[in-house]
Amino acid sequence: MFTSDDLKAINAIRTLSIAQIEKANSGHPGLPMGASPMAYVLFNKILKANPKNPKFFDRDRFILSAGHGSAMLYSLLHLSGYDLSMDELKNFRQAGSKAPGHPELGMTEGVEVTTGPLGQGIAQAVGMAAAEKHMAALYNKDDMKVIDHYTYALCGDGDLMEGISYEAMSLAGHLKLDKLIILYDSNDICLDGDLSTSFSESVKDRVLAQNWAYDKVADGNNLDAIYEAITKAKENDKPTLIEVKTIIGFGSKNQGTNKVHGAPIGAEDFEYVKKAYEWSAADFEVSDDIYKIFEDGIKARGESANEAWDELLKSYSEKYPEDYKELMAGINRELPANFMDQVRKYSHEDKALASRASGGEIIQDLAKITRNFWGGSADLFSSNKTNIKDSKAFRDDSPCGRNIWYGVREFAMAAIGNGIMAHGGSFHHVSTFFVFSDYLKPAVRLSALSHLPLTYAMTHDSVAVGEDGPTHQPIEQLAMLRAIPNTLVIRPADANETRLAWKVALESKDRPVVIALTRQNIPTLKETENLENINKGAYIIKDAENPELILIATGSEVALALETAERLEKSGKAVRVVSMPSMELFREQSDTYKEEILPKELTKRVSIEMGTSFGWSEWTGLDGLNIAIDRFGISGPGEEVAKILGFDPDAIIEKINKKYY
């Protein structure tokens, strides 16, 4: 079915990619030169996508997990008719370009997820396939399949060496995500040299053991074989990896070596390559007949599919109006007006409750508001309390299930969550112990960089974890996550602040929200009973006339700060207490509001938080006192550990008196 015209189109992708890299004097030419045939077959012959409507919801998703090959993706997007001009390609890897060094979601039309950190693209593809399967189960009818598309990824050897790919692919096979297809650019070369120096496992045996289907294309330039393999994979009842044997830098004098992996090939070799490709056009010059090949391929197919889906959706809205309304609300990330009216509030007369437990109760209420709310845990549902109780696990035989049992796969869990959010249609949360944010931090960073509003419910948030000891007691994790740009970290003081933290998370449109919750029981504070929001990040929870001292606390330490303030007042001191559930939200407020909460003239400021002191000087100033933990924890009962480490009214008052009085 393929002709010489297809080869011309492939060589256009190759030469356009090399031209970008040569002009920038930076980039990775090897992958585009070797993998363009498989990418072309997928894009122009199979992929259901509409370049003129990139957000067409029932489109197939393509993820370039090997993100260093971005020049190839940009060439494909340009030729296919996406809004990526030739001038942008000429500006590859330059400041302000829509063609950055690695693909970035939101930067370039047609890019589905941010990739580059190897392995995370595979995990995000798993998330997209999971989202498709879940939404199809929720909304498809016997007579109308409004959600029916595939997720494709192109990966390299480096992706498969990263541990996250093992985690994610293991779960994908377990869940039988049959609409997930990975093309493996198998070229036997890594950045430093031959792949055999560091990687010799049988990828075939590995993926078969993970309950994947496997196929192999022996010649990466055999277009018919590639097409047949992908078509066959679409019929499998499990995810499929297709190993495509390629020659890195195909056509170069240095093809098949690491010399073509991550550096421009140079003008002389580029001329040599052009002759090998029988390419005579000038750099960045593409003839109309090549554009026509893509117009007749992906563009025509995508527009037709989009029109058919629009008609189907119209019929669906008429026959199933309630389902349609909820489907579109998920796609648009909308919740009913005043949805928080349906979420319980708490009284100071209630028994003390761990914020992980109140968070679990709040999740049950949120789950009743929309079917689009679902989540998962890294084998800690019983500890995190994040499972939706009236729902099954998300499995192949129960794809409507709203609880993903992620297993002990923290990094993959977060990256899969990113894929679910990038797919669209869901309010998704992931959860584990707060200390294990260390395992998933790179995915939180990618959530933030990609502007994905994934919710991270992180429990056991301090040394009050107790007997599990320092390995499980967070110290530096709050500061670490607060340091990530475009990330909200919320550490609620009690059940009512936890309630409002979830409100912030679900209303977030373009950034992840980390909610840090306690293992230990904490009182519901009388002062939060009428609290309407925590959107400003900090507020005065207790004030005094003409305060002379400010105590600033977060989380479980707010109650401690209130108790400390009460005792200080008995000794004649006027104390203001500020609850600061989110430094990031407070930082975004006007100078007027910040001055209202923390007046400049009030320099006697004390922070109280069971974590590192790093970062607190921003709020306490040069004359501030930071009650913190700048060491690792201790194994023992939580209350005893906290007291030993100085979180006790007597110890705090002694430090305050020594510092200020």
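One numbering rule holds for all chains: residues counted from 1, following each sequence as written. Selection of residues for local features in this predicted model requires a pLDDT of at least 70, selection of side-chain atom pairs for listing and counting requires 80 or more, and totals for whole chains, interfaces and linings are taken over all residues. Side-chain measures were taken over the full set of non-hydrogen atoms in the model, leaving aside hydrogen atoms and water.

The protein is annotated in an unreviewed UniProt entry as Transketolase from Anaerococcus kampingae. UniProt positions are given in the numbering used here, feature names are shortened, and annotations may be inferred rather than shown by experiment. Quoted verbatim from the Sequence similarities (unreviewed entry) field of the UniProt record, the comment on the protein reads "Belongs to the transketolase family."

Asks: Looking at this structure, I do not really get the UniProt feature "domain: Transketolase-like pyrimidine-binding" (unreviewed entry) in the protein. What am I missing?
Replies: Per the UniProt record, the feature "domain: Transketolase-like pyrimidine-binding" (unreviewed entry) sits at residues 353-524. Under the scheme used here, helices are H or I runs from DSSP no shorter than 4 residues and strands are E runs no shorter than 2 residues, and both carry numbers assigned from the N terminus. Span residues 353-524 is 38% helix and 16% strand, its end C-alpha atoms 7 Å apart.

Asks: I'm lost on empty space enclosed by the protein in this one. Help?
Replies: Which parts of space are left empty comes out when a probe the size of a water molecule is rolled across the atoms. Using a 1 Å grid laid over the protein atoms alone, points where a 1.4 Å probe fits but cannot get out form a cavity; open sets with protein on both sides within 12 Å along at least 5 of 7 lines form a pocket; any residue with an atom within 4 Å of a point counts as lining. Grid points are joined across faces, edges and corners, and a volume is the space filled by probe spheres set on the points. Scanning the model with the defined rule gives 3 cavities of 30 Å³ or more in all. By volume, the largest cavity is sized at about 60 Å³. Forming the boundary of the largest cavity are Phe 43, Phe 62, Ile 63, Leu 64, Leu 73, Pro 103, Gly 110, Val 111, Glu 112, Val 113 and Thr 115. Its residues assigned to classes, the lining of the largest cavity shows 8 nonpolar, 2 polar and 1 charged. The space that makes up the second largest cavity amounts to roughly 50 Å³. Gly is placed with the polar residues, together with every amino acid not listed as nonpolar (Ala, Val, Leu, Ile, Met, Phe, Trp, Tyr, Cys and Pro) or charged (Asp, Glu, Lys and Arg).

Asks: Explain the sheet that holds strand β7 (residues 240-245) here, please?
Replies: Only when DSSP finds a minimum of two bridges between them are two strands counted as paired. Taking strand neighbours across the sheet as the criterion, the 5 strands line up as β1-β2-β3-β7-β6 in an open arrangement whose pairing is parallel. Because the sheet does not close on itself, it has two edges, and the strands there are β1 (61-64) and β6 (213-217). Direction aside, neighbouring strands of the sheet carry axes that sit 15° apart on average. Of the pairings in the sheet, the one linking strand β2 (residues 151-155) to strand β3 (residues 180-186) comprises 5 bridges and is parallel in character. Within β3, the position partnered with Tyr 152 by the bridge is Ile 181. All axes here are fitted lines through C-alpha atoms, helices being fitted over the stretch that makes contact, and every angle between N-to-C directions spans 0 to 180 degrees.

Asks: Looking at this model, I keep getting lost on the sheet that holds strand β12 (residues 488-490). Mind explaining?
Replies: What holds strands together in a sheet is hydrogen bonding between their backbones, with the strands either parallel or antiparallel. Strand order in the open sheet formed by 6 strands is β9-β8-β10-β11-β13-β12, with parallel pairing between adjacent strands. If you trace the sheet from one side to the other, it starts and ends with β9 (403-405) and β12, each paired once. Ignoring strand direction, the axes of neighbouring strands in this sheet form an average angle of 20°. Where strand β11 (residues 455-459) lies against strand β13 (residues 513-516), 4 bridges are found, and the strand directions are parallel. Opposite Thr 455, over in β13, you have Val 513 as the bridge partner. Should any heavy atoms of two residues lie within 4.5 Å, those residues are considered in contact. The sheet contacts of helix α18 (residues 495-507) involve β8 (373-377), β10 (427-433), β11, β12 and β13, and relative to β13 the element is tilted by about 165°.

Asks: How should unusual backbone geometry be read in this particular structure?
Replies: Leave glycine aside and you will find that most residues have negative phi; peptide bonds, for their part, are mostly trans. The phi dihedral of Asn 211 falls on the positive side, at around 65°, and the residue is not glycine. Checked against the element boundaries, Asn 211 lands in the loop between α8 (203-209) and β6. Backbone geometry at Phe 284 places phi at a positive 65°, although glycine is not the residue there. Mapped onto the secondary structure, Phe 284 falls in the loop between α10 (267-277) and α11 (288-319). For Phe 284, a relative accessible area of 15% puts it in the buried group. Relative accessibility under 20% of the residue-type maximum defines a buried residue, over 50% an exposed one, and the middle range a partly exposed one, all with a 1.4 Å probe and only protein chains included.

Asks: Is there a simple way to think about the side chain of Asp 461 in this case?
Replies: In this structure, Asp 461 sits in the loop between β11 and α17 (477-482). Residue Asp 461 is classed as buried on the basis of its relative accessible area of 1%.

Asks: Would you take a moment to explain the layout of surface pockets for this structure?
Replies: The calculated volume of the largest pocket comes to roughly 710 Å³. Contributing to the lining of the largest pocket are 34 residues, with Lys 55, Arg 59, Leu 105, Met 421 and Ala 422 lying nearest its centre. Element by element, the count of residues in the lining of the largest pocket is highest for helix α15 (residues 410-423), at 3 residues. Of the residues assigned to the lining of the largest pocket, the class counts are 15 nonpolar, 11 polar and 8 charged. Space inside the second largest pocket adds up to approximately 480 Å³. Lining the second largest pocket are 20 residues, with Gln 520, Met 610, Glu 639, Ala 642 and Phe 647 sitting closest to its centre. Listed by contribution, the elements that provide at least two residues to the lining of the second largest pocket are α19 (557-570) and α23 (638-644). Its residues assigned to classes, the lining of the second largest pocket shows 10 nonpolar, 4 polar and 6 charged.

Asks: I tried to follow the packing of helix α1 (residues 4-24) against α10 on my own but got confused; where do I start?
Replies: Packed helices, taken two at a time, are described by the angle between their axes plus the distance between the axes. At a closest axis distance of 11 Å, the pairing of α1 and α10 adopts a crossing angle of 175°. The orientation of α1 with respect to α10, classified from their angle, is roughly antiparallel. Contacts between α1 and α10 involve Asn 11, Arg 14, Thr 15, Ile 18, Ala 19 and Glu 22 from the first element and Ala 267, Phe 270, Val 273 and Tyr 277 from the second. Here the contact of α1 with α10 is built from residues that sort into 6 nonpolar, 2 polar and 2 charged. Throughout this description, any angle smaller than 35 degrees is read as roughly parallel, any larger than 145 degrees as roughly antiparallel, any in the 65 to 115 degree range as roughly perpendicular, and the remainder as oblique.

Asks: Teacher, can you tell me more about the side chain of Glu 584 here?
Replies: With respect to the element layout, Glu 584 can be found in helix α20 (residues 583-587). The residues touching Glu 584, leaving out its near neighbours within four places in the chain, are Arg 482, Thr 487, Leu 488 and Val 489.

Asks: Is there a simple way to explain the pattern of salt bridges in this structure?
Replies: For side chains bearing opposite charge, pairing can occur when the charged atoms are close. By definition, a salt bridge exists where a carboxyl oxygen of Asp or Glu is found within 4 Å of a side-chain nitrogen of Lys or Arg. Going through the model one piece at a time under the given rule, you end up with 34 salt bridges. Residue Lys 274 is joined to Glu 271 by a salt bridge in which the shortest nitrogen-to-oxygen separation is 3.3 Å. In this pair, Lys 274 and Glu 271 both sit in helix α10, 3 residues apart, roughly one turn of the helix. Overall, the relative accessible area of 9% leaves Lys 274 in the buried class. Accessibility expressed as a relative area gives 43% for Glu 271, which makes it partly exposed. A salt bridge links Glu 507 to Lys 503; the nearest nitrogen and oxygen atoms lie 3.2 Å apart. A residue pair is termed a helical-turn pair when its members lie 3 or 4 positions apart in one helix, as Glu 507 and Lys 503 do in helix α18 at 4 residues.

Asks: Explain the environment of Ser 447 here, please?
Replies: Looking at the secondary structure, you find Ser 447 in helix α16 (residues 437-449). The class for Ser 447 is buried, based on a relative accessible area of 0%. Residue contacts for Ser 447: discarding those within four places in its chain leaves Asn 418, Leu 452, Leu 454, Tyr 456 and Pro 512. Definition of a polar contact: a pair of N or O atoms within 3.5 Å, with one able to donate and the other able to accept a hydrogen when the atoms are protein atoms, and with sequence-neighbouring residues admitted only if both atoms are side-chain atoms. Looking at Ser 447, its side chain comes within polar contact range of the side chain of Asn 418, at 2.4 Å.

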